[in-house]
Amino acid sequence: MNTKQLDIAKAQVQEKGFLDISAPPNSQLVEEILKLKKEKNAVILAHYYQEDVIQDIADFVGDSLALAQEAAKTEAAIIVFAGVHFMAETAKILNPTKKVLLPDLKAGCSLADSCPPADFKKFVAMHPDHKVVTYINCSAAIKALSDIVCTSSNAIKIVNSFPKSQKLIFAPDKNLGEYINEQSGRDMVLWDGACMVHEAFSIEKLIDLYLKNPDAMIIAHPESPKHILKVATYIGSTSGLLNYVKESKKQKFIVATEAGILHEMQQQVPHKILIPAPVKEDNTCACSECHYMKLNSLKKLYLCLKHETPAIEVDAELREKALLPITRMLELS
């Protein structure tokens, strides 16, 4: 590949989302990535919802809270974030002097997209006596309008850090917000947003699957709709689900969250049976997968690390505003 081809590819990154150029064969990519990582003092952070091969090559795999904590303490010069845009953006907010790379800029988030900053600003203005708690699955602009950020791992703890008399707004996930209200006895005002991955579960198919597997335990992520949570024996964050499966004496589980978590689960409990919860639409895996998470690939990861693009940038003023609620969360976590 010549310099002109690379320059053209770089010029098209914003449009395509990734470097659209050739790379070594897939069989060589893992070795090449490990070599580049060492040469460049880079670290690869991956979410549980990434494809298996990316999880296997990552330095750290975790949920949103663990990834934010890891990003905050890393000493690497370059962070390659194998996740979605808001996660890489959070890493950049925490590390303004480091280079943060995202293999595909179009790896977005349906939940984050459900909360446009201009609309949310008006919503907040309508409730002037409310503090704003936002789920980390949102843009930097939404975080900048918040008093504190939370993840599904620490959401109830964060909400309970406010006096009962304090009125609260919770955004953007209405399902998680409703679950927190029930668990905390609060009456938070909820933004009407949701994750398409968790909204896709079919209660009819789930019940049918359970009837065929009566010895299984249904476990679910709190981003799932209320009718899914009602039939779950355990409700928890991605890491919570993982730990529960490890510690439970049960041998079979129906897992209602993005199916990528099953890879790490199966590695930790190889003797247990894990079944992905079914979705409304028929698809090849009969499970719920995040299209955005799966946009990242080993080839894109290699190319972004080799050429150090696409890189995430956050405006300095916006970063300062968004950093405060993230820092408050990390201090409470």
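Cut-offs applied
- Residues numbered from 1 in each chain as written.
- Predicted model: local features only at pLDDT ≥ 70, side-chain atom pairs only at ≥ 80, totals over all residues.
- Heavy atoms only, no water.
- Helix = DSSP H or I, 4+ residues; strand = E, 2+ residues; numbered from the N terminus.
- Rg over C-alpha atoms; globule rule 2.2 N^0.38 Å.
- Buried < 20%, exposed > 50% of the residue type's maximum accessible area, 1.4 Å probe, protein only.
- Contact = heavy atoms within 4.5 Å.
- Lys, Arg positive; Asp, Glu negative; His and termini not counted.
- Charge placed at Lys NZ, Arg CZ, Asp CG, Glu CD.
- Pairing = 2+ DSSP bridges.

A. A look at the overall build of the protein chain. Along its length, the protein chain carries 18 helices and twelve strands. Here the protein chain has a C-alpha radius of gyration of 20 Å; the compact-globule value for 333 residues is 20 Å, and the two agree. Looking at the protein chain residue by residue over its 333 residues, the buried ones come to 56%. The contacts of the protein chain with a sequence gap of at least 6 include a subset with a gap of at least 24, amounting to 64%. Both charge centroids of the protein chain, one from 38 positive and one from 41 negative side chains, sit 2 Å from each other.

B. Summary view of the sheet that holds strand β5 (residues 130-135). With parallel pairing, four strands are arranged side by side in an open sheet as β6-β5-β7-β8. Unpaired on one side and paired on the other, β6 (148-150) and β8 (189-190) mark the two borders of the sheet. Pairing analysis gives five bridges linking β5 to strand β7 (residues 167-171), with the strands arranged parallel. If you follow Val133 over to β7, its bridge partner there is Phe170.

C. Molecular detail of helix α17 (residues 298-307). Of all ten residues in α17, eight are buried, a share of seventy percent or more. For α17, the set of buried residues is Leu298, Lys300, Leu301, Tyr302, Leu303, Cys304, Leu305 and His307. Check the buried side of α17 and you find it contacts α1 (3-11), α3 (26-40), β1 (42-47), α4 (52-57), β3 (78-82) and β4 (99-101). At the exit of α17 stands Glu308, carrying a positive phi of roughly 55°.

D. Here's a closer look at unusual backbone geometry. Geometrically, the link from Ala171 to Pro172 is a cis peptide bond, its omega value of -5° lying close to zero. Relative to the elements of secondary structure, Pro172 occurs in the loop between β7 and α11 (174-184). Residue Pro310 follows Thr309 across a cis peptide bond; omega there is 5°. The residue Pro310 is located in the loop between α17 and α18 (316-332) in this model. Of note in this structure, Asn41 is not a glycine but carries a positive phi near 55°. Within the element layout of this structure, Asn41 appears in the loop between α3 and β1.

None of the figures reported here should be taken as evidence of function without further support.
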